[in-house]
Amino acid sequence: MISGELTIDRDRCMGSGQCTFYAPATFDLDEMSIAVVIDDHGDDHDNIQQAIDVCPTRSIVRAAGAEGIDTQ
């Protein structure tokens, strides 16, 4: 299980939707086509990590001190 809060750097996000493809129960796109977190634990660890890894702008951020997710 992943502990820690996921957030999106909305200034960096370009709305590619890769996060919603790999972790659709965790991420969605808002009316401006910018990613939003809908449930920090919506998908399993591997799918969330894949979404973080494929984000072209590295816009997915986790809270300081959170464990279980590798961000780049």
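Residues numbered from 1 in each chain as written. Predicted model: local features only at pLDDT ≥ 70, side-chain atom pairs only at ≥ 80, totals over all residues. Heavy atoms only, no water.

Moving on: the overall build of the chain. Helices and strands together make up the secondary structure of the chain, namely two helices and four strands. Sequence-ordered secondary structure for the chain, helices as α and strands as β, is β-α-β-β-α-β. Excluding contacts between residues fewer than 6 apart, the proportion of contacts in the chain whose partners are at least 24 apart in sequence is 51%. When the accessible surface of the chain is totalled, it reaches about 4200 Å², and 47% of it is carbon and sulfur. (Helix = DSSP H or I, 4+ residues; strand = E, 2+ residues; numbered from the N terminus. Contact = heavy atoms within 4.5 Å. Areas by Shrake-Rupley, 256 points an atom, 1.4 Å probe, with all protein chains shown as cover.)

With that settled, consider the environment of Ser59. Note on placement: Ser59 falls in the loop between α2 (45-54) and β4 (60-62). Between the C-alpha atom of Ser59 and that of Ala35, which follows or precedes it by 24 residues, the distance is 8.8 Å. Other than its neighbours up to four places away in sequence, Ser59 contacts Thr7, Ile8, Asp9, Arg12 and Cys13. In this structure the side chain of Ser59 is engaged in a polar contact, spanning 3.1 Å, whose partner is the backbone nitrogen of Cys13. (Polar contact = N/O pair within 3.5 Å; in protein donor to acceptor, adjacent residues only side chain to side chain.)

Worth remembering: the numbers are spatial, not functional.
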